[in-house]
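Letter by letter, the chains look like this.
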Amino acid sequence: MAMKYSRQRTAILSFLQTRKDHPSAELVYSNVKKDFPNISLGTVYRDLNQLSEAGMIAKLQFGDLGIVRFDYNTASHQHFVCNQCSAVIDLPAKNFSSIDEQAANGFDGKITGHKLYFCGFCRSCLDKGVCD
């Protein structure tokens, strides 16, 4: 089912298109609210979920960390999450598709993909000396 046109949804998509830092729904909301003062946080969440379900953006969920972010880049790539500031950063790492093949070796089932992220401390937090 195609989504109906929405100026707010278009503004959300345009905002994400300019970002490389994987903003939260709250950050998207605070920026889109500048042009649409009556927009609600609930609308932003709904629009982000619809855009994600349509494959127009990626919804990044780091469940055990309680972090949900959004990425305009839907191409397959890996992420790094900072243990200190929760920054989500794209990694320049190459393709990890061989992990699926390795995991499938000796497994009596069908592996169709994986969710993988790396964690540690980002350069900014290292420079501030706030890390162990």
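This text follows the structure it describes.
Throughout what follows, the structure given in this document is the object of discussion. (Residues numbered from 1 in each chain as written. Predicted model: local features only at pLDDT ≥ 70, side-chain atom pairs only at ≥ 80, totals over all residues. Heavy atoms only, no water.)

## Some words on the sheet that holds strand S5 (residues 117-120)
For step 1, the next point in the chain: If you walk across this open sheet you meet the three strands as S4-S3-S5, and the pairing is mixed. Taken across any chain shown, the strands that pair with only one partner, and hence form the sheet edges, are strand S4 (88-90) and S5. The mean angle between the axes of side-by-side strands here comes to 30°, regardless of whether they run parallel or antiparallel.
For step 2, the next point in the chain: Across three bridges, strand S3 (residues 79-82) lies against S4 in antiparallel orientation. (Pairing = 2+ DSSP bridges. Helix = DSSP H or I, 4+ residues; strand = E, 2+ residues; numbered from the N terminus. Axes fitted to C-alpha atoms, helices over the stretch in contact; angles between N-to-C directions.)

## Considering the packing of helix H1 (residues 7-17) against helix H3 (residues 41-53)
Geometrically, a packed helix pair is captured by the angle between its two axes and the distance between the axes.
For step 1, the next point in the chain: Contact geometry for H1 and H3: axes closest at 10 Å, N-to-C directions at 70°. In terms of orientation, H1 and H3 fall into the roughly perpendicular class. Like other packed secondary-structure pairs, H1 and H3 cross with a definite hand, here right-handed. Each of Gln 8, Arg 9, Ile 12, Leu 13 and Leu 16 in H1 lies in contact with H3, whose residues at this interface are Val 44, Asp 47, Leu 48, Gln 50 and Leu 51. (Parallel < 35°, antiparallel > 145°, perpendicular 65-115°, else oblique. Left-handed = near helix turned anticlockwise from the far one by under 90°. Contact = heavy atoms within 4.5 Å.)

## Focus: helix H2 (residues 25-32)
For step 1, the next point in the chain: Taken as a whole, H2 has its buried residues at Ala 25, Val 28, Asn 31 and Val 32. The buried residues of H2 occupy an angular sector of 130° when the element is viewed end-on, so they sit on one face.
For step 2, the next point in the chain: Elements that come into contact with the buried residues of H2 comprise H1, H3 and strand S2 (67-71). (Buried < 20%, exposed > 50% of the residue type's maximum accessible area, 1.4 Å probe, protein only. Arc of directions from axis to C-beta.)

## Side note on the state of the cysteines
For step 1, the next point in the chain: Using the criterion set out here, one finds zero disulfides in the structure.
For step 2, the next point in the chain: Here Cys 122 is not disulfide-linked; the sulfur of Cys 125 is the nearest cysteine sulfur, at 3.7 Å.
For step 3, the next point in the chain: By relative accessible area, which is 8% here, Cys 122 ends up buried.
For step 4, the next point in the chain: Free of any disulfide, Cys 125 has its nearest cysteine sulfur in Cys 82, 3.7 Å distant. (Disulfide = S-S within 2.5 Å.)

## A look at the pairing of strand S1 (residues 58-62)
For step 1, the next point in the chain: Burial along S1 is one-sided: the face carrying Ala 58, Leu 60 and Phe 62 is buried and the face carrying Lys 59 and Gln 61 is not.
For step 2, the next point in the chain: Note: S1 against S2, five bridges, orientation antiparallel. Across the sheet, the residue bridging to Phe 62 is Ile 67, located in S2.
For step 3, the next point in the chain: Between the antiparallel neighbours S1 and S2 lie four residues, among them Gly 66 with a positive phi of about 70°.

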